[in-house]
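Letter by letter, the chains look like this.
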Number of protein chains: 2
Amino acid sequence: MAAAEFWYEFASTYSYPAAMRVGRLAAARGVVLAWRPFLLGPIFAAQGWRDSPFNIYPAKGRYMWRDLERICAAAGLRFRRPEPFPQNSLLAARVALALALAGEERAEFSRKVYAAEFGEGLSISDRERIAALVAELGLDAEAVLARAESEANKALLKAACARAAEIGIFGAPRLVTEDGELFWGDDRLEQGLDWAAGRRP
Amino acid sequence: MAAAEFWYEFASTYSYPAAMRVGRLAAARGVVLAWRPFLLGPIFAAQGWRDSPFNIYPAKGRYMWRDLERICAAAGLRFRRPEPFPQNSLLAARVALALALAGEERAEFSRKVYAAEFGEGLSISDRERIAALVAELGLDAEAVLARAESEANKALLKAACARAAEIGIFGAPRLVTEDGELFWGDDRLEQGLDWAAGRRP
């Protein structure tokens, strides 16, 4: 069975259109997808950035917002820039990691977070909002949040971030195939999933 | 008549596959392409970089080389990494700018430079090599190089770099449409040329 990992950061802009379509692209190729939430903050900090590169480099930021707007328009996705940007994504990442990969719980929650953040421009650091998104899945939100904030789950997220840095991830979204190929960006989803499915150029 | 500008830097890795295909993509859409050589060095320096970001950030560099290798393999392009990287692209940019846009002289020279640099791994700061590429076009190489190094042409290249910074270019390749939209990267050629041709999502 072909498989790939989808590494994503909730504060990452291009992870939004990617998260909204990666599931169906993978299914169409028979690729089983493991959703891997992580944080870019520690990776950025290690290379001396205390903010998003889209804020540090204003021309890059202006381009990205316009590019994202065009991508969303072409994909029929709502788009609204959240303020502040980047959003604090720690709670959302912990909750995503606490949800089961099986049964699409983690994927569904993640899409809901992105839709709220970049589709509606809402804050994702708000605990009530995150709890409401979990509840929409038919889960016990308080129980999930408690699990998300357990020491064991916090350690899992730290390990995921360390793993991301170790395999050379420096931006999101990223597809990682079983043979260790990395594909960066919403632009590379098709290529990465084709690779994972064994269709190589 | 639909038109677009193709802004490129000879030291830019992703400009290689883009330069090799942008002409036929534009022709297929009836878009007239203006080839705009410029230098990223001054733009990078203005944001504090004294080297290519692919050298400053090693994980980004490792990813880029592998990504470029895959892109070239898929496109049937030869690929060989030049040393040192980045190459000094000043002479090549001056010569490209001194060549006529009409009659494809500038485009053909530019493709030859990229093929030598990233297809064969050769130095493009070498004056003899640049002269030989000009001669392959059936032009008087010494006359072209003299024109390239005239004060008037140097000033034109400086103006092009200032213009690039002014319109928000911070990387290459870049398509710029007549209505001022920017499309960054080899990934965006089709989208940018569709936009230039009036096919918008």
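Residues numbered from 1 in each chain as written. Chains lettered and ligands numbered in written order. Predicted model: local features only at pLDDT ≥ 70, side-chain atom pairs only at ≥ 80, totals over all residues. Heavy atoms only, no water.

A. Spotlight on the overall build of chain A. A count of helical and extended segments in chain A gives 10 helices and 4 strands. Shown N-terminal to C-terminal, the secondary structure of chain A runs as helices and strands in the order β-α-β-α-α-α-α-α-α-α-α-β-β-α. A total of 201 residues make up chain A; the buried ones form 52% of that total. Sequence separation of 24 or more characterises 71% of the internal contacts of chain A that already satisfy a separation of 6 or more. (Helix = DSSP H or I, 4+ residues; strand = E, 2+ residues; numbered from the N terminus. Buried < 20%, exposed > 50% of the residue type's maximum accessible area, 1.4 Å probe, protein only. Contact = heavy atoms within 4.5 Å.)

B. Broad picture of helix H7 (residues 127-136) of chain A. All names here are of chain A. Three or more residues of H7 are buried, namely Ile130, Ala131, Leu133 and Val134. End-on view of H7: buried residues confined to an arc of 160°, all on one side of the axis. Exposed residues pointing more than 90 degrees away from the buried face of H7 are listed as Glu128 and Glu136. Check the buried side of H7 and you find it contacts helix H5 (90-98), helix H6 (105-119) and helix H8 (141-148). Taking the backbone nitrogen of glutamate 128 as reference, a side-chain oxygen 3.1 Å away marks aspartate 126 as the first, capping residue of H7. (Arc of directions from axis to C-beta. Polar contact = N/O pair within 3.5 Å; in protein donor to acceptor, adjacent residues only side chain to side chain.)

C. Examining the interface of chain A and chain B more closely. Listed by partner, the interface residues are 24 residues for chain A and 24 residues for chain B. Of the roughly 2200 Å² buried between chain A and chain B on both sides combined, carbon and sulfur atoms contribute 52%. A per-residue breakdown of the area chain A buries against chain B is headed by Tyr63(A), Arg70(A) and Arg188(A), which together make up 28% of the total. Counting across the interface, chain A meets chain B through 8 salt bridges. (Buried area = accessible area lost by both parts, 1.4 Å probe. Salt bridge = Lys/Arg side-chain N within 4 Å of Asp/Glu carboxyl O.)

D. Structural context of helix H4 (residues 58-75) of chain A. Taking 1.5 Å as the rise per residue, H4(A) with 18 residues should run 26 Å; its terminal C-alpha atoms sit 26 Å apart, in good agreement. Within H4(A) the residues assigned to the buried category are Lys60(A), Gly61(A), Tyr63(A), Met64(A), Trp65(A), Asp67(A), Leu68(A), Arg70(A), Ile71(A) and Cys72(A). Taken together, the buried residues of H4(A) touch helix H1 (15-28), helix H3 (53-56) and H6 of chain A together with strand S3 (174-177), strand S4 (182-184) and helix H10 (189-196) of chain B. Positive backbone phi, at 70°, marks Gly76(A), one or two positions downstream of H4(A). (Expected span 1.5 Å × (residues − 1).)

E. Focus on the environment of Ala11(A). Residues and elements named next belong to chain A. Looking at the element boundaries, alanine 11 is found in the loop between strand S1 (3-8) and H1. Relative accessible area serves as the criterion here: at 11%, alanine 11 is assigned to the buried category. Separated by 128 residues in the primary sequence, alanine 11 and leucine 139 place their C-alpha atoms 24 Å from one another. With residues near it in sequence (within four places) discarded, alanine 11 still touches Phe85, Pro86, Gln87, Ser89, Glu117 and Phe118.

F. Molecular detail of the pairing of strand S2 (residues 32-37) of chain B. All names here are of chain B. In terms of strand pairing, strand S1 (residues 3-8) meets S2 through 6 bridges, oriented parallel. Within the sheet, the bridge partner assigned to glutamate 5 lies in S2 and is alanine 34. Viewed along the sheet, the connection from S1 through helix H1 (residues 15-28) into S2 turns out right-handed. (Pairing = 2+ DSSP bridges. Right-handed = clockwise from strand over helix to strand, strands pointing away.)

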